[in-house]
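The residues making up each chain are set out below.
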Amino acid sequence: MPSALFTPIRMRGLELPNRVVLSPLCQFMAKDGTAQPWHFMNASQYAVSGAGLVILEATAVEDIGRITLGCLGLYSDENEKALTDYVKGMRSYSNTPIGIQLSHAGRKASTRPTWELHKGHNLKPEEGAWDVVGPTAEAFGEGWPVPKELNAQGLTHILDCFVDSTRRAHRCGFDMIEVHVAHGYLLHQFLSPLANKRSDKYGGSLENRMRFPLEVIAAMRAAFPDDKPIGVRITGRDLNVGGLELDDAVIFSRELQKLGIDYVTPSAGNVAPGMILPKIEPGYLVPFAERIKKDVPDLNVMTVGLIVLPEQANEIIASGKADMVAIGRAFMDDPRWAWHAAVALGDAPAIPPAWNRANPKVWPAYPMVHGASRELATGMGHMTRE
Ligand SMILES: Cc1cc2nc3c(=O)[nH]c(=O)nc-3n(C[C@H](O)[C@H](O)[C@H](O)COP(=O)(O)O)c2cc1C
């Protein structure tokens, strides 16, 4: 019997061989939105990691929707060609399902990559800063640019960009799409009362604030093949006074399920300054997933946030708190995380044949490197070379 973590899960026509997902991780290494050798090197590692699904970083649906000048985009033929080659390359040595996260940064666009934040968040005009858009002409915070409020024409344009990138993602060969409606980016800005002060049918009540993200996602769903899943990263809580709460996340999840969305991942925060942070400890976002699972039982839920140990990840799945776990920094630290987790849980690790000599079944030093608990899991106390 495989462990709960290494049990397959099917969403539409896509079967994930296990519940371990590479969380989308911005690299800020693209040029004009186009993937570079760095992206290929980076994602290739995860494609041979034994993960059940690899989701590429937040990828902008138009150039002004990039968070930084280095963000990946899927809005030009050049962007599409690079990602097509990229998926094709990975397919030549890996069957791991590969998805892409589509996003628009809205009022949080035109910023610097994390390693340049000491110079300030926002790009200066001479560095290539651009005009940003949002639901309301209100800046994210002090010193941030005031966005242009999207009018009817602007909304149609954004929706068309999401649909266009969806079609491109299919042509690139991606197996699934994740829509970014968290971390304070454009679709989250519409949802949150802290960023959306509109008085038309897209602002005011939760029903109105959900309207634009739901219209976009419905249009994406209609443009993507039926057998390919679409998931949504949502906010479980804004973490600010007066912001979105878990009850809102449950209502939004229910609406997403009605649209045929295959999973949600509740994350949290970053839509407005002044967050009141909870204690950031292992699995701190799991209760959000658990609540959505309980209240929207037919929707798959992925959880994320300081999930670092195989046993921890397995317990989350085995106890039914979530259906999949997304892992970010622990995967950056150990790009073979899923392979090592399989060994720790007594499952068969998915090791490419060329690397099989490092398989714990034939490599006596494995417990020395990975610790005594791994020795127990692999029963390797007596190992000799096969
Ligand atoms: C370098 C870095 C880049 C990230 N980029 C994205 C992104 O593109 N999209 C997204 O939804 N979350 C992004 N996140 C958040 C992660 O996907 C994840 O939710 C977060 O790191 C918590 O999980 P962890 O504790 O396993 O790292 C990023 C996080 C890091 C550290």
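Here the structure is a predicted model, which is why all the values come from computation and not from measurement.

1. A few points about the pairing of strand E5 (residues 98–103)
Okay, step 1: Of all six residues in E5, six are buried; the element is thus mostly enclosed.
Okay, step 2: The side-chain alternation of E5 yields two buried faces, one formed by Ile98, Ile100 and Leu102 and the other by Gly99, Gln101 and Ser103.
Okay, step 3: Bridge count for strand E4 (residues 53–60) against E5 is six bridges, and the pairing is parallel. Directly across from Leu56, in E5, lies its bridge partner Ile100.
Okay, step 4: Inspection of the sheet shows E5 paired to strand E8 (residues 176–180) by four bridges, in the parallel sense. Across the sheet, the residue bridging to Leu102 is Val179, located in E8.

2. Considerations on the packing of aromatic side chains
Okay, step 1: This structure, assessed with the given rule, holds nine aromatic pairs.
Okay, step 2: On the numbers, 6.1 Å between centres and 55 degrees between planes, the contact of Phe331 with Trp337 is tilted. Of the two residues examined, Phe331 and Trp337, each falls in the buried class.
Okay, step 3: These aromatic residues form a ring-pair network of at least three members: Tyr46, Phe331 and Trp337.
Okay, step 4: Stacked on the ring of Trp130, the Lys or Arg Arg66 has its end atom at 5.4 Å from the ring centre.
Okay, step 5: The ring of Tyr185 has Lys108 sitting right over it, with the charged end atom 4.9 Å from the ring centre.

3. Looking at the site of the ligand
Okay, step 1: Not every one of the 17 residues close to the ligand is listed here, only the nearest: Ser23, Cys26, Gln101, Leu306 and Arg329.
Okay, step 2: Leu306 places a polar main-chain atom, nitrogen or oxygen, 2.7 Å from an oxygen atom of the ligand.
Okay, step 3: Protein contact buries 81% of the 610 Å² of open area that the ligand shows by itself.
Okay, step 4: Elements with a minimum of two residues in the shell around the ligand: E4 and helix H9 (329–333).
Okay, step 5: Partitioning the shell around the ligand into residue classes produces eight nonpolar, six polar and three charged.

Basis of the calculations
Along each chain, the written sequence defines residue order, and numbers are assigned to residues from 1. Given that this is a predicted model, residues contribute local features only at a pLDDT of at least 70 and side-chain atom pairs are listed and counted only at 80 or more, while totals for whole chains, interfaces and linings are drawn from all residues. Derived side-chain values reflect all non-hydrogen atoms in the structure, with water molecules and hydrogen atoms excluded from consideration. A 1.4 Å probe rolled over the protein chains alone gives each residue an accessible area, and that area as a share of the maximum for its type sets the label: buried under 20%, exposed over 50%, partly exposed in between. Here a helix means four or more residues in a row that DSSP labels H or I, a strand means two or more in a row labelled E, and each is numbered from the N terminus. Strand pairing is assigned whenever DSSP detects at least two bridges linking the two strands. Side-chain rings of Phe, Tyr and Trp (the six-membered ring for Trp) are treated as a pair once their centres are within 6.5 Å; stacked means planes under 30 degrees apart, edge-to-face means over 60, and tilted covers the remaining angles. Counting as a charge over the ring demands two things of the Lys NZ or Arg CZ atom: a distance within 6 Å of the ring centre and an angle within 35 degrees of the ring normal. Nearness here has a simple test: a residue counts as near a molecule or strand if at least one of its heavy atoms is within 4 Å of that partner. Counted as a polar contact is a pair of N or O atoms within 3.5 Å, where, for protein atoms, one must be capable of donating a hydrogen and the other of accepting one, and residues adjacent in sequence contribute only when both atoms are in side chains. Accessible areas in this description were obtained via Shrake-Rupley with a 1.4 Å probe; residue shielding takes into account the shown protein chains only. Basically, the charged four are Asp, Glu, Lys and Arg, the nonpolar ten are Ala, Val, Leu, Ile, Met, Phe, Trp, Tyr, Cys and Pro, and anything else, Gly included, counts as polar.

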